[in-house]
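The residues making up each chain are set out below.
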Number of protein chains: 2
Amino acid sequence: MATINDIAAKLGVSKSTVSKGLNNATDISDEMRKRILETAVELGYVNKRLQKKEKKLCILVENMDFDTPNKFGHDIILGFKQMAEPEGWVVDIVPITIDFQKLTPYGVFMMQNGYQASFILGLSLLDPWMKEFRSCKIPTVLYDNTVKENPNIASVGCDSEEGFELAVKHLASLGHKKIGLISGPLESYILKARYNAYLNALYKFGLEVNEDYIGLGYYVSESTKEYIPKLLSHGVTAILFSHDVRAISAITECDDRNIRIPEDVSIVGFDDLPMTAYTTPPLTTIKQDRTALGKCGFYALSCLLNKVAIGSILLRATLIVRDSTGPAPPVS
Amino acid sequence: MATINDIAAKLGVSKSTVSKGLNNATDISDEMRKRILETAVELGYVNKRLQKKEKKLCILVENMDFDTPNKFGHDIILGFKQMAEPEGWVVDIVPITIDFQKLTPYGVFMMQNGYQASFILGLSLLDPWMKEFRSCKIPTVLYDNTVKENPNIASVGCDSEEGFELAVKHLASLGHKKIGLISGPLESYILKARYNAYLNALYKFGLEVNEDYIGLGYYVSESTKEYIPKLLSHGVTAILFSHDVRAISAITECDDRNIRIPEDVSIVGFDDLPMTAYTTPPLTTIKQDRTALGKCGFYALSCLLNKVAIGSILLRATLIVRDSTGPAPPVS
């Protein structure tokens, strides 16, 4: 477990400054206090004095890796804790499965463990707990998912509409006219949202909507293998992917088939995973600021705990242009 | 100007407790501190110690009354100040006009007055400053309005989709099949959003969409006078209004014409203005929690000031059922 010394060493300040930051003393700057508190969370420092209050939250995670900084969930959890722990909350991270949900109702799980509220990452619309969320009384924030008409539930996410609109605008400016989509099946809120965002963006820029340009498949590499040649055979010159992992599998697939990126086909991911800067070629993608998502998750939860019926927070999407997109190839 | 005594008297606590609350002492409860700080803002108490830092924000208001608690803007401003002032911000309220915007660029106005960020209420899409917002660098939050692709601008509002969906569900359950809309012209973001929400809700509940059921007019009472008889002549039995003020003018108009509410026509407003509980009959309407909107406005601004590119916060809408809605009249 990290100590005050570790925080002081990392920031290059004295132990007494760190102590002031941790105990909300007023004779250091707000900026320094913020850095100290955020570093304390990052290093896993536990403030015993605050912990005694027993204010407990949990982050429930399914279908998402988070254990190392290069994994998608890592920074979301970090951002959440950077907001929550300085306010005296103990935050537990609990991986869950569908079987676990079937065995234990959400409300029971929360009460048994003394959690006052939760932030939930990675549930699909088909998950057993989704039904319980329609009427549950526990303040609950869902990442990339939504529940209607329950004032105890809020959503946070990144603006898919804005993201795909930026991507299609970029591709249209490069002369692409037939733009495809490869995505997972439409069983999750976010995949539905991205699917609609893709259609709306094509419509907005006057591009052809055609079901032959779309491939939806559950298994990442299998569906890439199937849909890349299919879409190209229909004249598609650029493909949007619902997630970076799918775009990255497409890079491998194109390499195997001697399809050049971006000369033969441009590809665009979604998420900006750390590794996308290091693929060959580096991936053009839509960035979600994951630390900010975590911070907003905590804010939404604070609102619900204070009876402010927030429904959703959307972060802006930004397009990170790298080398996987280029001018449309001449029509053959 | 309010004093510590005033706050103590209002809350029924001692002066020293109030002083502790105002100065962030740790030997009172969080709950008590919150009540003290919120009451201080409500009574207009100025904390000189905090004000010295000169952290200045402004709320810019156009087309919206806010001077007394029964006015629409009052609680939005109150909620914003309840969040901002305890953090040491000085908040100025500045009414603006289109002519003022033409004379003074937004950036110049903000710099001349030393404002670090602003919360803006009531601008339409046609307002001169809207162009400047596309590229401005000043953290700016718009209520019920939106600007694309600028990470320095965020939006807060109430979920129109959810609101009209609740209203149409309620009316459909009462047997209404022809539901109309009376609204202002589609020159503002929010009126466009409500128009689309109306269409989507009809579509969702399988009800007829017909342009003869829709009346869009700039002047409130004139357009009510024109559209109420027109919509009724087409068999409409229930009407949604884009704002309570229009619904209230419809109550007067129906009274003048001996049209009974809800026996002949059901009407639903949007906003839940204080007076809607006291009209004859009391108005069924969609509630926006205005204090919460103000609080979210400040949070969105805090995010932007901390370089978290929040795009939008939507509050949940709730349907307040009063006596202006009832079973659909039998088809004549």
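Structure's up top.
Each value, and the rule that gives it
Residues numbered from 1 in each chain as written. Chains lettered and ligands numbered in written order. Predicted model: local features only at pLDDT ≥ 70, side-chain atom pairs only at ≥ 80, totals over all residues. Heavy atoms only, no water. Contact = heavy atoms within 4.5 Å. Buried area = accessible area lost by both parts, 1.4 Å probe. Salt bridge = Lys/Arg side-chain N within 4 Å of Asp/Glu carboxyl O. Polar contact = N/O pair within 3.5 Å; in protein donor to acceptor, adjacent residues only side chain to side chain. Helix = DSSP H or I, 4+ residues; strand = E, 2+ residues; numbered from the N terminus. Nonpolar A, V, L, I, M, F, W, Y, C, P; charged D, E, K, R; others polar. Pairing = 2+ DSSP bridges. Axes fitted to C-alpha atoms, helices over the stretch in contact; angles between N-to-C directions. Parallel < 35°, antiparallel > 145°, perpendicular 65-115°, else oblique. Left-handed = near helix turned anticlockwise from the far one by under 90°. Phe/Tyr/Trp six-rings, centres within 6.5 Å; stacked < 30°, edge-to-face > 60°. Buried < 20%, exposed > 50% of the residue type's maximum accessible area, 1.4 Å probe, protein only. Least-squares fit on C-alpha atoms with pLDDT ≥ 70 in both.

### A closer look at the interface of chain A and chain B
Okay, step 1: Of the residues lining the interface, 29 residues belong to chain A; the matching set on chain B comes to 29 residues.
Okay, step 2: Interface area, chain A with chain B, both sides summed: about 2200 Å², of which 47% is carbon and sulfur.
Okay, step 3: When the area that chain A buries against chain B is broken down by residue, the three leading residues are Glu149, Tyr299 and Arg316 of chain A, summing to 31%.
Okay, step 4: Linking chain A with chain B are 4 salt bridges, by the criterion used here.
Okay, step 5: For lysine 148 of chain A, the salt bridge is made with glutamate 165 of chain B, and the minimal N-O distance between the two is 3.1 Å.
Okay, step 6: The interface formed by chain A and chain B holds 18 residue pairs in polar contact (both at pLDDT 80 or more) in total.
Okay, step 7: For the side of chain A that touches chain B, the secondary-structure elements that each account for two or more residues are helix H3 (30-43), helix H9 (160-173), helix H13 (290-305) and strand E11 (310-315) of chain A.
Okay, step 8: Per-element accounting of the side of chain A that touches chain B gives the leading share, 6 residues, to E11 of chain A.
Okay, step 9: For the side of chain A that touches chain B, the per-class residue count stands at 14 nonpolar, 4 polar and 11 charged.
Okay, step 10: In this structure, E11 of chain A lies alongside strand E11 (residues 310-315) of chain B, joined through 5 bridges in antiparallel fashion. Each bridged residue has a counterpart across the sheet, and for leucine 314 of chain A the counterpart in E11 of chain B is serine 312 of chain B.

### Some remarks on the packing of helix H5 (residues 72-84) of chain A against H13 of chain A
Residue and element names in this part refer to chain A.
Okay, step 1: Orientation of H5 relative to H13, taken along the N-to-C sense of each, is 45°, at an axis distance of 6 Å. One finds that H5 runs oblique with respect to H13. As for the relative orientation of H5 and H13, their crossing is right-handed in sense. On H13, the residues that touch Phe72, Asp75, Ile76, Gly79, Phe80, Gln82, Met83 and Ala84 of H5 are Arg290, Thr291, Gly294, Lys295, Gly297, Phe298 and Leu301.

### Describing the packing of aromatic side chains
Okay, step 1: Scanning the model with the defined rule gives 23 aromatic pairs over all chains in all.
Okay, step 2: A ring pair is formed by tyrosine 218 of chain A and tyrosine 219 of chain A, whose centres lie 5.0 Å apart and whose planes are at 80°; its orientation type is edge-to-face.
Okay, step 3: Ring geometry for phenylalanine 109 of chain B against tryptophan 129 of chain B: centres 6.0 Å apart, planes inclined by 35°, an arrangement best described as tilted. Of the two residues, phenylalanine 109 of chain B sits in helix H7 (residues 106-112) while tryptophan 129 of chain B sits in helix H8 (residues 129-133), which places them 20 residues apart along the sequence. In this pair, the class of phenylalanine 109 of chain B matches that of tryptophan 129 of chain B, namely buried.

### What about the relation of the copies chain A and chain B?
Okay, step 1: Under the fitted operation, chain A is carried onto chain B by 0.0 Å of movement along the axis and a turn of 180°, and the coordinates agree to an RMSD of 0.1 Å. On the angle and the small slide along the axis, the relation comes out as a two-fold axis. For chain A, the minimum C-alpha distance to the rotation axis belongs to isoleucine 313 of chain A and amounts to 2.2 Å.
Okay, step 2: An overlap of 100% is found between the interface residues of chain A and their copies at the interface of chain B, pointing to a shared contact surface.

### Description of the pairing of strand E5 (residues 153-158) of chain B
All names here are of chain B.
Okay, step 1: Counting buried positions over the 6 residues of E5 gives 6, a clear majority of the element.
Okay, step 2: Burial along E5 is two-sided: the residues Ile153, Ser155 and Gly157 and Ala154, Val156 and Cys158 are all buried.
Okay, step 3: Pairing between strand E4 (residues 140-143) and E5: 4 bridges, direction parallel. Bridging from a neighbouring strand, tyrosine 143 pairs with valine 156 of E5.
Okay, step 4: Inspection of the sheet shows E5 paired to E11 by 4 bridges, in the parallel sense.

### Some details on the pattern of salt bridges
Pairing of side chains with opposite charge becomes possible as their charged atoms draw close.
Okay, step 1: Taken as a whole, this structure holds 24 salt bridges over all chains when the rule is applied.
Okay, step 2: A salt bridge links glutamate 149 of chain A to lysine 169 of chain B; its shortest N-O distance comes to 3.4 Å. Pair noted here: glutamate 149 of chain A is in the loop between strand E4 (140-143) and strand E5 (153-158) and lysine 169 of chain B is in helix H9 (residues 160-173), and the two residues belong to different chains.
Okay, step 3: Take glutamate 149 of chain A: its relative accessible area is 35%, and that puts it in the partly exposed class.

### Examining the side chain of threonine 284 of chain B
All names here are of chain B.
Okay, step 1: Structurally, threonine 284 can be placed in strand E10 (residues 284-287).
Okay, step 2: A polar contact of 2.9 Å, which involves the side chain of threonine 284, links it to the backbone nitrogen of arginine 322.
Okay, step 3: At 2.8 Å, the side chain of threonine 284 and the side chain of threonine 325 are in polar contact.
Okay, step 4: Leave out the neighbours within four places in its chain, and threonine 284 touches His170, Ile267, Val268, Gly269, Leu319, Ile320, Val321, Arg322, Asp323, Ser324 and Thr325.

### Section: unusual backbone geometry
Okay, step 1: Put simply, isoleucine 261 of chain A and proline 262 of chain A share a cis peptide bond, and its omega is 5°.
Okay, step 2: Note on placement: proline 262 of chain A falls in the loop between helix H12 (244-256) and strand E9 (266-271).
Okay, step 3: We note that aspartate 272 of chain A has phi near 60°; this positive angle belongs to a residue other than glycine.
Okay, step 4: By the secondary structure assignment, aspartate 272 of chain A is in the loop between E9 and strand E10 (284-287).
Okay, step 5: Judged by relative accessible area, which is 14%, aspartate 272 of chain A ranks as buried.
Okay, step 6: In this structure, glutamate 149 of chain B takes a positive phi of about 65° despite not being glycine.

### Let's talk about the sheet that holds strand E3 (residues 117-121) of chain B
Okay, step 1: With respect to topology, 12 strands assemble into an open sheet ordered E2(A)-E1(A)-E3(A)-E4(A)-E5(A)-E11(A)-E11(B)-E5(B)-E4(B)-E3(B)-E1(B)-E2(B), the strand pairing being mixed. This sheet does not close on itself; its edge strands, each paired only once, are strand E2 (89-95) of chain A together with strand E2 (89-95) of chain B. Averaged over neighbouring strand pairs, the angle between their axes works out to 15° when direction is ignored.
Okay, step 2: Pairing analysis gives 7 bridges linking strand E1 (residues 55-61) of chain A to E2 of chain A, with the strands arranged parallel. Looking at the pairing, leucine 60 of chain A lines up with valine 94 of chain A of E2 of chain A.
Okay, step 3: Each of strand E1 (55-61), E2, E3 and E4 of chain B is contacted by helix H5 (residues 72-84) of chain B, which is oriented at about 160° to E2 of chain B, the strand it contacts most.

### Observations regarding the sheet that holds E10 of chain B
All names here are of chain B.
Okay, step 1: Taken in spatial order, the 6 strands line up as E7-E6-E8-E9-E10-E12 in an open sheet, and their pairing is mixed. Whereas interior strands pair on both sides, the edge strands pair on one side only; in this sheet they are strand E7 (214-216) and strand E12 (318-320). The average angle at which neighbouring strand axes cross in this sheet is 20°, direction not considered.
Okay, step 2: As defined by bridge partners, E10 adjoins E12 across 3 bridges and the pair is classed as antiparallel. Across the sheet, the residue bridging to isoleucine 286 is leucine 319, located in E12.
Okay, step 3: In this fold helix H12 (residues 244-256) packs onto strand E6 (179-183), strand E8 (238-241), strand E9 (266-271) and E10, with an angle of close to 150° to the strand it touches most, E9.

### A closer look at the environment of isoleucine 76 of chain B
Residue and element names in this part refer to chain B.
Okay, step 1: Topologically, isoleucine 76 is positioned in helix H5.
Okay, step 2: For isoleucine 76, a relative accessible area of 0% translates into the label buried.
Okay, step 3: In sequence terms isoleucine 76 and threonine 291 are 215 residues apart; their C-alpha atoms lie 4.9 Å from each other.
Okay, step 4: Dropping the residues within four chain positions of it, isoleucine 76 is found in contact with Phe119, Leu121, Tyr143, Arg290 and Gly294.

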